[in-house]
Every structure is written in C-alpha cells, then in structure tokens.
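Here is what each chain is made of, one letter per residue.
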Amino acid sequence: MAWLILLAAGLLEVVWAYAMKRSAGFTELIPSVVTVVAALGSFVLLAFAMRSLPLGTAYTVWTGIGAVGAFLLGILMLGESASPLRIAAAALIVSGLLLMKLSGEA
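Being a predicted model, the structure only gives us computed values, none of them experimental. All chains use their own residue numbering, which begins from 1 and follows the written sequence. For a predicted model such as this one, the threshold for reporting local features is a pLDDT of at least 70, and the threshold for listing and counting side-chain atom pairs is 80 or more; totals across whole chains, interfaces and linings nevertheless cover every residue. With hydrogens and water set aside, each side-chain value is computed from the structure's full complement of heavy atoms.

> I would appreciate a short explanation of the overall build of the protein chain in the present structure.
Secondary structure follows DSSP: runs of H or I at least 4 residues long count as helices, runs of E at least 2 residues long count as strands, and numbering of each begins at the N terminus. Helix and strand counts for the protein chain come out as four helices and zero strands. Across the protein chain, helices and strands are ordered from the amino to the carboxyl terminus as α-α-α-α. For the protein chain, the spread of C-alpha atoms along the principal axes amounts to about 40 × 35 × 15 Å. Note on exposure labels: buried denotes an accessible area under 20% of the residue type's maximum, exposed denotes more than 50%, and partly exposed covers the range between, all computed with a 1.4 Å probe on protein chains only. Expressed as a percentage of its 106 residues, the buried residues of the protein chain come to 29%. Residue pairs in contact within the protein chain that sit at least 24 positions apart in sequence constitute 68% of those at least 6 positions apart. A residue counts as positive if it is Lys or Arg and as negative if it is Asp or Glu; His and the chain ends are not included. Just so you know, the charge point we use is NZ for Lys, CZ for Arg, CG for Asp and CD for Glu. A distance of 3 Å separates the average location of the 5 positive side-chain charges in the protein chain from that of its 4 negative side-chain charges. In this analysis, two residues are considered to be in contact whenever any of their non-hydrogen atoms come within 4.5 Å of each other.

Structure below.
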C-alpha cells in the first residue's frame, strides 16, 4: 500500500510542477491554487508512505516520479525538446527508480 501512496504522491508532484509552470510566476489564479493544493497533497502522501518505506527510498522514488513526469509533460504539453541525451537522462532516472524498488528495502 505504501508504494501506491508513494506513486500518488509522485503524480501530484508532477501536477504541481506543471501547474506552477502554467501559473506564470503565480500571476494566474487557478494554476496557482492547483500548485499549492497539489504540493500539499504530495507532501502529505509522501509522509504517509514514509511510515513504512525508508527515507532514502521514498524520497528518491518521489522525486524521480516528479522529474520524469515533468520531463514527459514538458515534451507532450509544452513542446520541449526530446533530444536523445534528454531521453537517455530520463531513462537513467527510471532505471534508478526500478533498482530502488528492487532493492528490497520495503
């Protein structure tokens, strides 16, 4: 269950990062509110996941989901570059997340 909670926390991290970009420096009301609410939800879910997952594992997976998710949203929704080096970097992050999950720490 902790892994599902952590996944939800990571997905909310992607939501708040995207909403923050859309908030134009917190000058747009709706994206600004979404940013704050999603960030708070992400932190709360991360805290719940940390009840049974090690700190290093939970934090690494949480930030990894956020980083890769924001990377993908940037490409798909904002027209950001999908260069081979950027894709390779994201693949390395994903492989690190898989190794963290397979480490058997939780």
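> Looking at this structure, how should I read the UniProt feature "transmembrane region" (unreviewed entry) in the protein chain?
UniProt positions are given in the numbering used here, feature names are shortened, and annotations may be inferred rather than shown by experiment. The sites that UniProt annotates as "transmembrane region" (unreviewed entry) are residues 33-50, 57-79 and 85-102. A helix fraction of 96% and a strand fraction of 0% characterise residues 57-79, whose end C-alpha atoms lie 31 Å from each other. The span residues 85-102 shows a helical share of 100% and a strand share of 0%, and its end C-alpha atoms are spaced 26 Å apart.

> Honestly, the nonpolar core in this entry has me stumped. Any pointers?
Ala 2, Leu 6, Ala 9, Leu 46, Ala 49, Leu 53, Ala 58, Val 61, Trp 62, Ile 65 and Leu 97 form the largest nonpolar core, which has 11 residues in total. Contributions of two or more residues to this core are made by helix H1 (2-22), helix H2 (29-49) and helix H3 (55-78). The element best represented in this core is H3, accounting for four residues. Not counting chain neighbours up to four residues away, the residues in contact with Ala 2 comprise Ala 49, Ser 52 and Leu 53. For the purposes of this section, nonpolar cores are sets of buried Ala, Val, Leu, Ile, Met, Phe, Trp, Tyr and Cys residues that join through side-chain atoms within 4.5 Å.

> What is the right way to look at the environment of Ala 70 in this model?
Inspection of the secondary structure puts Ala 70 in helix H3. For the pair Ala 70 and Leu 45, spaced 25 residues apart in sequence, the C-alpha separation works out to 18 Å. Here Ala 70 is in contact with Val 14 and Ala 17, once residues within four sequence places are set aside.

> What is the right way to read the packing of aromatic side chains from this model?
The relation between two aromatic rings is expressed through the spacing of the ring centres and the mutual angle of the planes. Classification of ring pairs rests on two measures: the distance between centres of Phe, Tyr or Trp rings, Trp counted by its six-membered ring, which must be within 6.5 Å, and the angle between planes, read as stacked under 30 degrees, edge-to-face over 60 and tilted in between. Following the criterion strictly, the structure yields two aromatic pairs and no others. Geometrically, the ring pair formed by Phe 43 and Trp 62 is tilted, given 5.6 Å between the ring centres and 50 degrees between the ring planes. Of this pair, Phe 43 sits in helix H2 while Trp 62 sits in helix H3; the two residues are 19 residues apart in sequence, bridging distant segments of the chain. Judged by relative accessible area, Phe 43 falls into the partly exposed class, the value being 47%. Residue classification places Trp 62 among the buried residues on the basis of a relative accessible area of 5%.

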